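# Observations on the three-dimensional arrangement
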Amino acid sequence: MRNKNRQAIIDSILKTNWELAVTLTFHYDITEARANKTLRRWWNEIDREFYGNAVKRQAKRTKRACLIEKGKSGTNYHYHIHAERPEDRDISLKKYMQVLELLWKRLSSAGYVNEFEPNTNNIAWATYTTKEITATNTDALDLSASNFEFVAI
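Each chain carries its own residue numbering, running from 1 in the direction its sequence is written. Selection of residues for local features in this predicted model requires a pLDDT of at least 70, selection of side-chain atom pairs for listing and counting requires 80 or more, and totals for whole chains, interfaces and linings are taken over all residues. Hydrogen atoms and water are omitted, and side-chain values are computed over all heavy atoms in the structure.

## What about the nonpolar core?
We define a nonpolar core as any set of buried Ala, Val, Leu, Ile, Met, Phe, Trp, Tyr and Cys residues linked to one another through side-chain atoms lying within 4.5 Å. Think of it in three bands: residues with accessible area under 20% of the maximum for their type are buried, residues over 50% are exposed, and the middle band is partly exposed, with areas taken using a 1.4 Å probe on protein chains only. Ranked by internal contacts, the top residues of the largest apolar core, which has 31 residues, are Leu 39, Trp 42, Trp 43 and Ile 81. By definition, any uninterrupted DSSP run of H or I lasting at least four residues is a helix, any uninterrupted run of E lasting at least two residues is a strand, and each is numbered from the N terminus. Listing elements by their share of this core, those giving two or more residues are β1 (20-25), α2 (32-51), α3 (54-57), β2 (64-69), β3 (78-83) and α4 (93-105). Here, residues are in contact when the closest pair of their heavy atoms is within 4.5 Å. In this structure, Trp 43 is in contact with Thr 62, Arg 64, Cys 66, Ile 81, Ala 83, Tyr 96, Leu 100 and Ala 145, ignoring residues within four places of it in sequence. In terms of nonpolar packing, the next biggest core, distinct from the first, is built from eleven residues, Trp 18, Ala 65, Leu 67 and Leu 141 among them.

## A short note on the pattern of salt bridges
Salt bridges are counted wherever a side-chain nitrogen of Lys or Arg sits within 4 Å of a carboxyl oxygen of Asp or Glu. Inspection of the entire model under this criterion finds nine salt bridges. Asp 88 is paired through a salt bridge with Arg 89; the nearest N and O atoms lie 3.7 Å apart. Assessed through its relative accessible area of 38%, Asp 88 is described here as partly exposed. Each member of the salt-bridge network shares a partner with another, and the members are Asp 47, Arg 61 and Arg 64.

## Some words on the sheet that holds β1
Overall, antiparallel pairing links the four strands, which are arranged β2-β3-β1-β4 in an open sheet. The open sheet has two edge strands, β2 and β4 (115-118), and neither has a second partner. Pairwise comparison of adjacent strand axes, ignoring direction, gives a mean angle of 15° for this sheet. Each of β1 and β4 is contacted by α4, which is oriented at about 165° to β4, the strand it contacts most. Here an axis means a line fitted to C-alpha atoms, over the contact stretch when the element is a helix, while the angle between two N-to-C directions is reported on a 0 to 180 degree scale. Packed onto the sheet, helix α5 (residues 122-129) meets β1, β2 and β3 and runs at close to 150° relative to β3. When DSSP finds two or more bridges between two strands, those strands count as paired.

## Some remarks on the confidence of the model for the chain
Predictor confidence is given residue by residue as pLDDT, running from a minimum of 0 to a maximum of 100. When the pLDDT values of the chain are averaged, the result is 90; 97% of them are 70 or greater. Across the chain, the element-wise mean pLDDT spans from 87 in α3 up to 96 in β3.

## A word on the packing of α2 against α4
With their axes 10 Å apart at the nearest point, α2 and α4 run at an angle of 135° to one another. Overall, the two elements α2 and α4 adopt an arrangement that is oblique. Both α2 and α4 take part in a crossing whose hand is right-handed. Contact residues: Thr 38, Trp 42, Trp 43, Glu 45, Ile 46, Glu 49 and Phe 50 in α2; Tyr 96, Val 99, Leu 100, Leu 103 and Trp 104 in α4. Of the residues contributing to the contact of α2 with α4, the split by class is nine nonpolar, one polar and two charged. An angle below 35 degrees is treated as roughly parallel, one above 145 as roughly antiparallel, one from 65 to 115 as roughly perpendicular, and anything else as oblique. Working rule for handedness: look at the near helix, and if it is turned counterclockwise from the far one by less than a right angle, call the crossing left-handed; if clockwise, right-handed. The nonpolar class holds Ala, Val, Leu, Ile, Met, Phe, Trp, Tyr, Cys and Pro. Asp, Glu, Lys and Arg form the charged class, and all remaining residues, Gly among them, are polar.

## As for the pairing of β3
β3 sits mainly inside the fold: six of its six residues count as buried. Every second residue of β3 is oriented toward a common face, with His 78, His 80 and His 82 on one face and Tyr 79, Ile 81 and Ala 83 on the other, all of them buried. Sheet analysis places β1 next to β3, joined by six bridges and oriented antiparallel. Among the inter-strand pairings, Val 22 is bridged to a residue of β3, identified as Ile 81. As paired elements, β2 and β3 share six bridges and run antiparallel to each other. Directly across from Cys 66, in β3, lies its bridge partner Ile 81.

Structure, rendered in structure tokens:
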């Protein structure tokens, strides 16, 4: 049986049938703060690419749920992301994944092992990405980088 915090986050994530399952890595010696800043910068660039000034004027953003994982060592920072294409833009999933990957590779802190794949099993991906959430620690869900409807318990 899962803890209530993890189950609440999984339930919130599963309210959307996410199109993309993304895993992003960083350079080995990166700090958690730098990983978070790099991820937010990447999403800001993506949002500006598709929405331009509407990002600031109308708060337009792509839909995503970002979860950071530290690994067994506690220092192997990487993100697992549930993502959607911009709803009001005509772009194929393949092209959208190419744009995401290109913008990621341009960042200096970006690692070399990254995966951009169609999400074929929403429940399995949500369960996998929330594995570090415990009854006393929900920090894996990065609310500063996420943009989805989260329902707290």
